[in-house]
Amino acid sequence: MTTNMRASAREMRHMVGRYLHARSCPGYAVNAIRDAIMAAEAEGYDAVTLMEEIRDRYPVAATGFVFAKQDDGSVLLDGQGAPAPMLAPAFVDELSLALLTGAPAVRVRNVAHVDFLGALHEYAAIRGVAYATTELGDGAATFGVDAVEATPTEPAAGAAGPAMERILLEGYVLDADQFWRLFHESNEALTPDSELSRRHAGSQLYDEHGNLIGEVSEETYLHLRSETGGSSAAVLA
């Protein structure tokens, strides 16, 4: 029997971000892809499952589109076969540019799991863009774009829209086995535990008596990992 659990927005942010790092997603893209995954999950798309399904694609897939202008003024974006979550931040950027230039539509092609791009309305709205899926096919879709009217957010909510406000109040409902599997895999992004690693906090290194020794350099980080056999490419907590 499947057992569900609730994970707070904070717990999900940590888990998804670390999972992307552990699976060698390009570091510059992790935060934006993480936020897109969390936004799509909040809108009801099973984004966490997709995040796991494409785990082998993170090191090699494109994070941007090949751009072309069409005769009718619309924009054509070629995703080069990359899965949609990796392209999501660039997709919303392209929607914003299309709105600024008056393009009547944005068309994408060669995007795996392209329907994911249709579940980013609040993620796009905080960037001033509203969009609608007008066509959806195998690896291709067409989107109409419009401006979002400024709508103030209640200070108590602190959310970009109703879906994320609900998540902040109620959390994400996930399969418990899936969450903990991804959680433990995501911890591969952390520095392995060792006597030396336990004596540093952030960039500061302490001796066994708690006395501050100095600032930790990148070379020290590599040393921490080499002592425990870890990969120097991993992310430190």
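Residues numbered from 1 in each chain as written. Predicted model: local features only at pLDDT ≥ 70, side-chain atom pairs only at ≥ 80, totals over all residues. Heavy atoms only, no water.

Focus on the overall build of the chain
Formally: What counts as a helix is a DSSP run of H or I of at least four residues, what counts as a strand is a run of E of at least two, and both are numbered from the N terminus. Exposed residues in this analysis have more than 50% of their type's maximum accessible area, buried residues have under 20%, and partly exposed residues fall in between, with area computed by a 1.4 Å probe over protein chains only. Using the Shrake-Rupley algorithm and a 1.4 Å probe, accessible areas are obtained, with residue cover drawn only from the displayed protein chains.
Within the chain, the secondary structure is distributed over eight helices and ten strands. A burial count over the chain gives 44% of its 237 residues as buried. Surface accessibility of the chain: about 12300 Å² in total, with carbon and sulfur atoms responsible for 51%.

Focus: the pairing of strand E5 (residues 129-136)
For the record, the criterion: The criterion for strand pairing is that DSSP finds at least two bridges linking the strands in question.
With seven bridges joining them, E5 and strand E6 (residues 141-147) adopt antiparallel strand pairing. Within E6, the residue paired with Ala 132 across the bridge is Gly 144.

Examining the packing of helix H1 (residues 9-22) against helix H7 (residues 176-186)
Our working definition: Throughout, an axis means a line fitted to C-alpha atoms (over the contacting stretch in the case of helices), and angles, computed between N-to-C directions, take values from 0 to 180 degrees. When an angle is under 35 degrees it counts as roughly parallel; over 145 it counts as roughly antiparallel; between 65 and 115 it counts as roughly perpendicular; any other value is oblique. In a left-handed crossing the near helix is turned counterclockwise from the far helix by less than a right angle, and in a right-handed crossing that turn is clockwise. The contact rule is simple, with two residues in contact once any of their heavy atoms fall within 4.5 Å. Charged residues are taken to be Asp, Glu, Lys and Arg, nonpolar residues to be Ala, Val, Leu, Ile, Met, Phe, Trp, Tyr, Cys and Pro, and polar residues to be all remaining types, Gly included.
Taken N-terminus to C-terminus, the directions of H1 and H7 make an angle of 55°; their axes are 8 Å apart at the nearest point. Accordingly, the angle class assigned to the pair H1 and H7 is oblique. Note that H1 runs across H7; the crossing there is left-handed. On H7, the residues that touch Met 12, Met 15, Arg 18, Tyr 19 and Ala 22 of H1 are Phe 179, Leu 182, Phe 183, Glu 185 and Ser 186. Taken together, the residues of the contact of H1 with H7 sort by class into seven nonpolar, one polar and two charged.

A word on the packing of aromatic side chains
This is how it is decided: When the centres of two rings from Phe, Tyr and Trp lie within 6.5 Å, Trp using its six-membered ring, the rings pair. Their planes under 30 degrees apart give stacked, over 60 give edge-to-face, and anything left gives tilted. For a lysine, the NZ atom is tested; for an arginine, the CZ atom; a charge sits over a ring if that atom is within 6 Å of the ring centre and within 35 degrees of the ring normal.
Going through the model one piece at a time under the given rule, you end up with seven aromatic pairs. Considering the side-chain rings of Phe 179 and Phe 183, the 6.1 Å spacing of their centres and the 25° angle between planes classify their relative orientation as stacked. In this pair, Phe 179 and Phe 183 both sit in helix H7, four residues apart, roughly one turn of the helix. Positioned over the ring face of Tyr 19 is Arg 23, at 5.6 Å from the centre of the ring. The ring of Tyr 123 carries Arg 127 above its face, with NZ or CZ at 3.9 Å from the centroid.

Regarding the packing of helix H2 (residues 30-42) against helix H6 (residues 162-170)
Relative to each other, H2 and H6 sit at 90°, their axes nearing to 9 Å. Judged on the interaxial angle alone, H6 and H2 are roughly perpendicular. For the pair H2 and H6, contact is made by Met 38, Ala 39 and Ala 42 and by Ala 163, Met 164, Arg 166 and Ile 167, respectively.

Examining the sheet that holds E5
Strand pairs in the sheet, formed through backbone hydrogen bonds, run parallel or antiparallel to each other. The sheet built from five strands is open, its strands ordered E2-E3-E4-E6-E5 with mixed pairing. The open sheet is flanked by strand E2 (66-69) and E5, the only strands paired with a single partner. Put simply, the sheet's adjacent strands are angled 25° from each other on average, direction ignored. Strand direction decides the pairing type here: strand E4 (residues 106-109) and E6, joined by three bridges, are antiparallel. Bridge pairing in E6 links Val 106 to Phe 143.

Topic: H7
Listed in full, the buried residues belonging to H7 are Ala 176, Gln 178, Phe 179, Leu 182, Glu 185 and Ser 186. Here the buried face of H7 lies against strand E1 (4-7), H1, helix H3 (47-53) and strand E7 (172-175).

So, the confidence of the model for the chain
Quick note on the threshold: A residue's pLDDT is simply how confident the predictor is in it, with values from 0 to 100.
Summary statistics for the chain give a mean pLDDT of 83 and a share of 75% for residues scoring 70 or more. Across the chain, H3 holds the top mean pLDDT of 97, while helix H8 (residues 218-227) sits lowest at 49. In this model residues 227-237 is a low-confidence stretch, pLDDT under 50, and it forms 20 contacts with partners more than four residues away in sequence or in other chains.

A word on the side chain of Thr 142
Within the secondary structure, Thr 142 is located in strand E6. Judged by its relative accessible area of 6%, Thr 142 falls in the buried class. In this structure Thr 142 touches Ala 105, Val 106, Arg 107, Ala 132, Thr 133, Thr 134 and Glu 135, once residues within four positions along its chain are discounted.

A word on the nonpolar core
For clarity, the threshold we go by: The nonpolar core is taken to be a set of buried Ala, Val, Leu, Ile, Met, Phe, Trp, Tyr and Cys residues, with the residues joined through side-chain atoms within 4.5 Å.
The biggest cluster of nonpolar side chains holds 63 residues, and the ones touching the most others in it are Met 12, Met 51, Phe 91, Val 108, Phe 116, Leu 117 and Leu 120. Of the residues forming this core, the biggest block, nine residues, is contributed by helix H4 (residues 84-101). In contact with Val 108, other than residues within four places in its own chain, are Phe 65, Leu 77, Phe 91, Val 114, Leu 117, Gly 139, Ala 140, Ala 141 and Phe 143.

Things to note about the pattern of salt bridges
Spelled out, the test is: A pair is scored as a salt bridge if a Lys or Arg side-chain nitrogen falls within 4 Å of a carboxyl oxygen belonging to Asp or Glu.
Taken as a whole and assessed by the stated rule, the structure comprises seven salt bridges. A salt bridge links Glu 188 to Arg 23; the nearest nitrogen and oxygen atoms lie 2.9 Å apart. You can see Glu 188 sitting in the loop between H7 and strand E8 (200-201) and its partner Arg 23 sitting in the loop between H1 and H2, a full 165 residues away along the chain. Taking relative accessible area as the criterion, Glu 188 reaches 44% and is therefore assigned partly exposed. The exposure class assigned to Arg 23 is buried, which follows from its relative accessible area of 14%. Here Asp 72 ties to Arg 107 by a salt bridge, and the two come within 3.4 Å at their closest N and O atoms. Remark: Arg 107 occurs in strand E4 and Asp 72 occurs in the loop between E2 and strand E3 (75-78); sequence separation between them is 35 residues. Its relative accessible area of 28% is what places Arg 107 among the partly exposed residues. Three or more residues are tied together by salt bridges with common partners; here these are Arg 23, Arg 55, Glu 185 and Glu 188.

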